[in-house]
Amino acid sequence: MSRALMINGLTAPVPVIQGGMGVGVSLSGLAGNVAKCGGIGIISTAQIGYQEPEFEEHPIETNLKAIAKHIRRAKEIAGGCGAVGVNIMVATRRYEEYVKAAVKAGADLIISGAGLPAVLPSLVEKSRTRIAPVVSSIKSASVICRLWDRKYKRCPDLMVIEGPKAGGHLGFAREELEKITDAEYEKEIQGIMEVSKEYGAKYGYHIPVVVAGGIYDGTDMENALKLGADGVQVATRFVTTYECDASDRYKQAYIDAEEEDIVLVQSPVGMPGRAVKNAFILDKEKDKPENWKCHQCLEKCNPANIPYCITDALVNAVKGNLDQGLIFCGSNAFRAKKLEHVSEIMEEYKKAAGMCE
Ligand SMILES: Cc1cc2nc3c(=O)[nH]c(=O)nc-3n(C[C@H](O)[C@H](O)[C@H](O)COP(=O)(O)O)c2cc1C
């Protein structure tokens, strides 16, 4: 049986999407290599231009240029295999310009969460870019499907269900994250699949659904497929690869982490997140430097009210300046024991999907 992930005419031979990881953790290197192995590589557009010299002065314009650069590079690495997309958080300041830049650069897919991507369909009209909302609950899945149905007479090309074990900013209240069980969340996943079937039926289209959050090895993937998912979205496992765009120190922090080192934090932008416990998290006196300048990342951030800058904390981490950095990770980061090649991980997932060698 073919297990290819079919997204409205876009086919990934291996039903694995590598989840977007900002800042700078999934750029062209990682995304291109996942695509090369037949999956879908996702570049995070969160402060994507942070390495460019003009970033400090003109962050948004630099990011917009870097989107095209990384999509082009990732596609070169992929050599025509798999697909290359981007993750653009709805919470991004000037979100619409990021989406348009990605469409113009030929992104195969845009995945958008951290808010409700209400206007996304209007921004990709007449393009070949497929669109997928990230949903965490039956409620959010219903809301976005109803909205796109009413306003744009369409359904999502793909739905990403992101559960409580994911990394980065999380779409749950902290209390939910602390108490929700696997069995409870499986029910939620099934409910979301019902929503996708309902809206798919209306448009004569099977909306593929991928499950994200806590999928680490082949067995985790098999379980997700048994639940009825068309594929999986995996992020944390890909961090400890040679091809991942983060610094070696960032990767080593995952390898060194024990289970009790993976903690929930309250991000300065109000959402809970998950990260590796380190000196930065434990520092109660965190403050912005004297001459600090806002990097224009999130729409709703008020620089006057934040204890520290999320861009600075994530950029420090990805560069390996860990004592001043926030090391975002999924709940399974402690399972990393060594660096691997993307190709090895993809082989494991191919087996789990029952695909021949
Ligand atoms: C280091 C890191 C950074 C992330 N950054 C983003 C991001 O910028 N935007 C987003 O929508 N999701 C982000 N995520 C979530 C992933 O895309 C993915 O859906 C989730 O982590 C999957 O769970 P897993 O890490 O257990 O595989 C991030 C995850 C990690 C681990």
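In this text, all values refer to a predicted model and were calculated from it rather than measured experimentally.

A. Here's a closer look at the sheet that holds strand E9 (residues 168–169). Read across the sheet, three strands follow the order E9-E13-E12 without closing on themselves; strand pairing throughout is antiparallel. Where the open sheet ends on each side, the last strands, each with one partner, are E9 and strand E12 (262–266). Two strands pair when backbone bridges link them, and E9 and strand E13 (residues 272–276) are joined in this way by two bridges, in the antiparallel orientation. Note that in E13 the partner of His 169 across the bridge is Gly 273.

B. View of the nonpolar core. The biggest cluster of nonpolar side chains holds 132 residues, and the ones touching the most others in it are Ile 110, Phe 238 and Leu 326. Residue contributions to this core peak at seven residues, all from helix H2 (residues 59–78). Residues lining this core come from more than one domain, with at least three contributed by each of domain 1 (5–247 + 333–352) and domain 2 (249–324).

C. Layout of a negative patch on the surface. On the surface, Asp 256, Glu 258, Glu 259 and Glu 260 cluster together to form a negatively charged patch. Examined against the element boundaries, Asp 256 turns out to sit in helix H10 (residues 248–256).

D. How the structure looks around the pattern of salt bridges. Per the stated rule, a full pass over the model turns up 15 salt bridges. For Glu 194, the salt bridge goes to Lys 197, with nearest N and O atoms at 3.6 Å. Of this pair, Glu 194 and Lys 197 both sit in helix H7 (residues 182–203), three residues apart, which is roughly one turn of the helix. On the basis of relative accessible area, Glu 194 is assigned to the partly exposed category, the value being 47%. The exposure class of Lys 197 is exposed, given its relative accessible area of 53%. Where Arg 237 meets Glu 340, a salt bridge forms, and the shortest distance between an N and an O atom there is 2.9 Å. Of the two residues, Arg 237 sits in helix H9 (residues 236–239) while Glu 340 sits in the loop between helix H12 (310–319) and helix H13 (342–352), which places them 103 residues apart along the sequence. With respect to class, Arg 237 is no different from Glu 340; both count as buried.

E. The arrangement of the packing of aromatic side chains in detail. Under the defined criterion, the tally for this structure stands at four aromatic pairs. Considering the side-chain rings of Phe 238 and Tyr 349, the 6.3 Å spacing of their centres and the 75° angle between planes classify their relative orientation as edge-to-face. Here Phe 238, found in helix H9, pairs with Tyr 349, found in helix H13; they are 111 residues apart in sequence, far enough to count as distant. We classify Phe 238 as buried; its relative accessible area is 0%.

F. Structural context of the domain arrangement of the protein. Partitioning the protein into domains gives domain 1 (5–247 + 333–352) and domain 2 (249–324). Taken over C-alpha atoms, the centre of domain 1 sits 22 Å from the centre of domain 2. Between domain 1 and domain 2, the residue contacts involve 41 residues of the former and 33 residues of the latter. Carbon and sulfur atoms make up 60% of the area that domain 1 and domain 2 hide from each other, which totals about 3,200 Å². Its largest share of buried area at the contact with domain 2, domain 1 owes to Arg 93, His 169 and Ser 247, together 23% of the area lost on that side. The tally of links between domain 1 and domain 2 comes to one salt bridge. Among the salt bridges present, the one from Glu 57 reaches Lys 293, with a minimum N-O distance of 3.5 Å. Joining domain 1 to domain 2, the criterion identifies 23 residue pairs in polar contact (both at pLDDT 80 or more). For the side of domain 1 that touches domain 2, the secondary structure elements donating two or more residues are H2, E9, helix H6 (174–179) and H9. In terms of residue count, H6 provides more of the side of domain 1 that touches domain 2 than any other element does, three residues in total. Class assignment for the residues of the side of domain 1 that touches domain 2 results in 22 nonpolar, 10 polar and nine charged.

G. Region of interest: the sheet that holds strand E10 (residues 209–212). The eight strands lie next to each other as E3-E4-E5-E6-E7-E8-E10-E11, forming a closed barrel whose pairing is parallel. On average, each strand axis in the sheet is inclined to that of its neighbour by 25°, with strand direction left out of account. Relative to E10, strand E8 (residues 159–162) runs parallel, the two being bridged by four bridges. Across the sheet, the residue bridging to Met 159 is Val 209, located in E10. Packing of helix H1 (residues 28–36) onto the sheet brings it into contact with strand E3 (16–18), strand E4 (40–44) and strand E5 (83–87), and relative to E4 it is tilted by some 170°.

Definitions and limits used
- Residues numbered from 1 in each chain as written.
- Predicted model: local features only at pLDDT ≥ 70, side-chain atom pairs only at ≥ 80, totals over all residues.
- Heavy atoms only, no water.
- Pairing = 2+ DSSP bridges.
- Helix = DSSP H or I, 4+ residues; strand = E, 2+ residues; numbered from the N terminus.
- Core = buried A, V, L, I, M, F, W, Y, C linked by side-chain atoms within 4.5 Å.
- Buried < 20%, exposed > 50% of the residue type's maximum accessible area, 1.4 Å probe, protein only.
- Domains from an automatic or database assignment.
- Patch = residues over 30% accessible without salt bridge, like charges linked within 9 Å, V, L, I, M, F, W, Y side chains within 5 Å.
- Areas by Shrake-Rupley, 256 points an atom, 1.4 Å probe, with all protein chains shown as cover.
- Salt bridge = Lys/Arg side-chain N within 4 Å of Asp/Glu carboxyl O.
- Lys, Arg positive; Asp, Glu negative; His and termini not counted.
- Charge placed at Lys NZ, Arg CZ, Asp CG, Glu CD.
- Phe/Tyr/Trp six-rings, centres within 6.5 Å; stacked < 30°, edge-to-face > 60°.
- Contact = heavy atoms within 4.5 Å.
- Buried area = accessible area lost by both parts, 1.4 Å probe.
- Polar contact = N/O pair within 3.5 Å; in protein donor to acceptor, adjacent residues only side chain to side chain.
- Nonpolar A, V, L, I, M, F, W, Y, C, P; charged D, E, K, R; others polar.
- Axes fitted to C-alpha atoms, helices over the stretch in contact; angles between N-to-C directions.

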